[in-house]
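Descriptive analysis of the structure
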Amino acid sequence: MHVQSPTARSAMHYRHLELGAEMVEHAGWMLPARYADPDEEASRVRQTVGIADISPVGKIRLQGESVEQALREALPNYRATSVGSVFATSDDSGGTSVARLADDDCLIITKHTKVEQVLESLLLDGCVHSVNVTSVLAAVRIVGPNAPAVLAEVTDLALAPPYFPNLNCAQGMLAEIHGTIIRHDIGNLPTYDLLFGRDYGDHVWESLIDAGERHGLTPFGIEAMSLLSGEF
């Protein structure tokens, strides 16, 4: 007898329903396909700023003295990165990226479907260990010209483009909770992925919606994400 796998829900699931989102299953998760017309959502993101739930993105925490060796074995073309930088792998790695949080600590971001593959490819010894934190961390994407202005409302971190260029990362307080911020632009659109404890999903989402009201923030779904050429 075929047993259907359960469909996961993000920490912001009911916030999406309150906003009138049309939900669909994506990579084993229920996510907003759209809140309104996808073309309109994408247009508003390009002109102002948008917010999307990307919680299904694969997240692996890798810590220990042998982080560099493990990454070189697991990811083709990997190059060492300095603390605060992000390495985006080539297309043949499936869009996997590495955010270097400390000398012995990094966060690997990959597609939800590739998490087990990446975990299996990591060469682990007594000096390094990995943890799949996909379900532990919620994730939100802020995209568009006004993205830095929205984030300035909820964090004291200097995230404006001159101080926080593309392919940078940082940890700090975000809406009064600890979070990780990764900048990985979609084309010429400033794009920030915010990762934080799942228990704070509602709080962070509502804080960003409130902060973004005067900056033209609009929620957008996976259909508009595809139009913007962004994946997760």
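Preceding block: the structure.
Residues numbered from 1 in each chain as written. Predicted model: local features only at pLDDT ≥ 70, side-chain atom pairs only at ≥ 80, totals over all residues. Heavy atoms only, no water.

Some remarks on the environment of Cys-169
- Relative to the helices and strands, Cys-169 resides in strand 11 (residues 168–174).
- The buried category is assigned to Cys-169, whose relative accessible area is 6%.
- Measuring from C-alpha to C-alpha, the distance between Cys-169 and Leu-101 comes to 7.3 Å, with 68 residues separating the pair along the chain.
- Setting aside anything within four residues of it in sequence, one finds Cys-169 in contact with Gly-84, Ser-85, Val-86, Ala-99, Arg-100, Leu-101, Phe-164, Ile-181 and Ile-182. (Helix = DSSP H or I, 4+ residues; strand = E, 2+ residues; numbered from the N terminus. Buried < 20%, exposed > 50% of the residue type's maximum accessible area, 1.4 Å probe, protein only. Contact = heavy atoms within 4.5 Å.)

Focus: the environment of Ala-99
- Position of Ala-99 relative to the elements: it lies in strand 7 (residues 97–102).
- The buried category is assigned to Ala-99, whose relative accessible area is 1%.
- Spatially, the C-alpha atom of Ala-99 lies 21 Å from that of Val-154, the residues being 55 residues apart in sequence.
- Those residues in contact with Ala-99, other than ones at most four positions away along the chain, are Ser-85, Val-86, Asp-105, Cys-106, Leu-107, Cys-169 and Ile-182.

A look at the nonpolar core
- Core analysis: the biggest nonpolar cluster contains 29 residues, and Val-140, Ile-142, Tyr-192, Leu-194, Phe-196 and Leu-208 have the highest contact counts within it.
- Of all the elements in the fold, those that place two or more residues in this core are strand 4 (49–53), strand 10 (137–143), helix 5 (147–152), strand 11, strand 12 (177–183), strand 13 (191–197) and helix 6 (201–212).
- In this structure, Leu-194 is in contact with Ala-138, Ala-139, Val-140, Ile-142, Leu-151, Leu-174, Thr-180, Ile-181 and Leu-208, ignoring residues within four places of it in sequence.
- Listed in part, the 23 residues of the second largest apolar core include Ala-52, Ile-54, Ala-99 and Cys-169. (Core = buried A, V, L, I, M, F, W, Y, C linked by side-chain atoms within 4.5 Å.)

Regarding the sheet that holds strand 8 (residues 105–110)
- Strand order across the open sheet formed by 5 strands is 6-7-8-5-9, with antiparallel pairing between neighbours. Unpaired on one side and paired on the other, strand 6 (86–88) and strand 9 (128–132) mark the two borders of the sheet. Strand-to-strand, the axes of this sheet are offset by a mean angle of 20°, without reference to chain direction.
- Sitting on the sheet, helix 3 (residues 67–74) is in contact with strand 5 (58–64), strand 7, strand 8 and strand 9, with an inclination near 140° to strand 5. (Pairing = 2+ DSSP bridges. Axes fitted to C-alpha atoms, helices over the stretch in contact; angles between N-to-C directions.)

Re helix 2 (residues 38–47)
- Where helix 2 is concerned, the buried positions are Pro-38, Glu-41, Ala-42 and Val-45. Within helix 2, the buried residues cover an arc of 95° as seen down the axis, which keeps them to one side.
- Elements that come into contact with the buried residues of helix 2 comprise strand 3 (29–34), strand 4, strand 10, strand 14 (217–219) and helix 7 (222–227).
- N-capping of helix 2 is provided by Asp-37, with a side-chain oxygen placed 3.1 Å from the backbone N of Asp-39. (Arc of directions from axis to C-beta. Polar contact = N/O pair within 3.5 Å; in protein donor to acceptor, adjacent residues only side chain to side chain.)

Details of the pairing of strand 11
- Where burial is concerned, most of strand 11 is hidden: 5 out of the 7 residues are buried.
- Alignment of strand 11 against strand 12, held across 7 bridges, turns out to be antiparallel. Among the inter-strand pairings, Gln-171 is bridged to a residue of strand 12, identified as Thr-180.
- Where strand 11 hands over to strand 12, the hairpin turn is made up of 2 residues, of which Ala-175 adopts a positive phi near 50°.

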